[in-house]
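Overview (structure and organization)
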Amino acid sequence: MSGSPTITRPRPVGIPTRGTTNANRLRRADRWLVHSPRVLAALASAADPLVVDLGYGRLPVTTLELAARLRVVRPDITVVGLEIDPQRIVPDVDGVQFRVGGFELAGLRPMLVRAFNVLRQYPVESVAEAWAVMQDRLAPGGLIVDGTCDELGRRACWVLLDRDGPVSLTLACDPRHIDRPSDLAERLPKVLIHHNVPGQPIHSLLSAADRAWAASAGQSVFGPRHRWRAMLAELRAAGIPLATTRRNERDAILTVPWAAVAPDATPG
Ligand SMILES: C[S@@+](CC[C@H](N)C(=O)[O-])C[C@H]1O[C@@H](n2cnc3c(N)ncnc32)[C@H](O)[C@@H]1O
């Protein structure tokens, strides 16, 4: 008598870490995703619009929020939440699935991977390999968002990657809750945080943003979002290659191509 067929699943790659999460704390990244021309084009072109939320934490709340926001731009999207900690797997809800998985993405081939507040808990030496494992699993044209934010999602930073490497860095905040743009340095993705020292491009960018923020202080009378936009105009005038996205009035966003912040490997 033959037994039931054996299903071989890839062994989850990674280590369980703290499961801290919070309702709505990834809203700025989600809103950016649905305004980013590159992400929108990838989702629109996907024959099978599969999205993975990697490392959703002790509650699946931000995965459900991601699904709701992405369904506005692509209603037939499939969202799968993956967690390396099997105890955090919950039953499927509203068509959103939850499975055990790590950087190997449980063998899925997604068009978009969001990994927020996951790699930040790993040693910096692990980042390149984790990225490579995920990049290798992407559907053609697929993208990864590797980001970090604070408990309430007022300060967030993320890297967008495609199969070939990092594409851009985005800084996002509620400008009512910062003294200066470099306050976001504490939330830089792992790959950049140790490079925020004089002489490195990320340090130069944050310093230029602080100067432009100070120069735009007069605009505060119109509100902090107005001041942020004035800061962006100053930075553009200074030659910083800021990306333009479709209008997103709510968030203070600054996106630059990765080349503008890629760590300089030349010893000082
Ligand atoms: C701090 S929580 C982040 C939760 C949610 N993404 C957020 O930002 O609110 C990190 C979660 O990632 C999980 N994790 C760590 N490494 C992982 C990996 N390689 N693959 C999948 N999940 C992972 C941990 O078990 C933990 O539950």
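The sections below set out a description of the structure shown in this document. From a predicted model like this one, the values you see are computed outputs, not experimental measurements.

What counts as what
- Residues numbered from 1 in each chain as written.
- Predicted model: local features only at pLDDT ≥ 70, side-chain atom pairs only at ≥ 80, totals over all residues.
- Heavy atoms only, no water.
- Phe/Tyr/Trp six-rings, centres within 6.5 Å; stacked < 30°, edge-to-face > 60°.
- Helix = DSSP H or I, 4+ residues; strand = E, 2+ residues; numbered from the N terminus.
- Buried < 20%, exposed > 50% of the residue type's maximum accessible area, 1.4 Å probe, protein only.
- Lys NZ or Arg CZ within 6 Å of the ring centre and 35° of its normal.
- Salt bridge = Lys/Arg side-chain N within 4 Å of Asp/Glu carboxyl O.
- Pairing = 2+ DSSP bridges.
- Axes fitted to C-alpha atoms, helices over the stretch in contact; angles between N-to-C directions.
- Contact = heavy atoms within 4.5 Å.

1. Things to note about the packing of aromatic side chains
Evaluated as defined, the whole model comprises 5 aromatic pairs. Residues Tyr56 and Phe98 carry aromatic rings whose centres are separated by 5.2 Å and whose planes lie at 70 degrees to one another, so their mutual orientation is edge-to-face. You can see Tyr56 sitting in the loop between β1 (50–54) and α3 (61–73) and its partner Phe98 sitting in strand β3 (residues 97–100), a full 42 residues away along the chain. In this structure Tyr56 comes out as buried when scored by relative accessible area, which is 2%. Clustering of aromatic rings is evident, with ring pairs tying together Trp32, Phe116 and Trp158. A cation over an aromatic ring shows up here: Arg227 above the ring of Trp213, its NZ or CZ 4.0 Å from the ring centre.

2. Thoughts on the pattern of salt bridges
Under the defined criterion, the tally for this structure stands at 15 salt bridges. Across the salt bridge formed by Arg114 and Asp53, the nearest N and O atoms sit 2.9 Å from each other. Within this pair, whereas Arg114 is found in strand β4 (residues 112–116), its partner Asp53 is found in strand β1, the two being separated by 61 residues in sequence. Summarising the burial analysis for this pair, Arg114 and Asp53 share the class buried. Here Asp92 makes a salt bridge to Arg99, at a shortest N to O gap of 3.2 Å. Of the residues examined, Asp92 reaches a relative accessible area of 42% and is grouped as partly exposed. Among the residues examined, Arg99 registers a relative accessible area of 35% and is labelled partly exposed. Taken together, the shared-partner salt bridges connect Arg155, Arg180, Asp183, Glu186 and Arg187 into one network.

3. Here we look at the sheet that holds strand β8 (residues 252–257)
Ordered in space as β3-β2-β1-β4-β5-β6-β7-β8, the 8 strands form an open sheet in which the pairing is mixed. Both edges of this open sheet fall to β3 and β8, since each of them pairs with a single strand only. On average, each strand axis in the sheet is inclined to that of its neighbour by 20 degrees, with strand direction left out of account. The sheet contact formed by strand β5 (residues 143–149) and strand β6 (residues 155–162) spans 6 bridges and is antiparallel. When the sheet's bridge partners are listed, Thr148 is paired in β6 with Cys157. Here α3 sits on the sheet and contacts β1, β2 (78–83), β3 and β4; the angle it forms with β1, its principal contact strand, is near 155 degrees. This element, helix α7 (residues 224–237), spans β7 (165–173) and β8 of the sheet and lies at about 20 degrees to β8.

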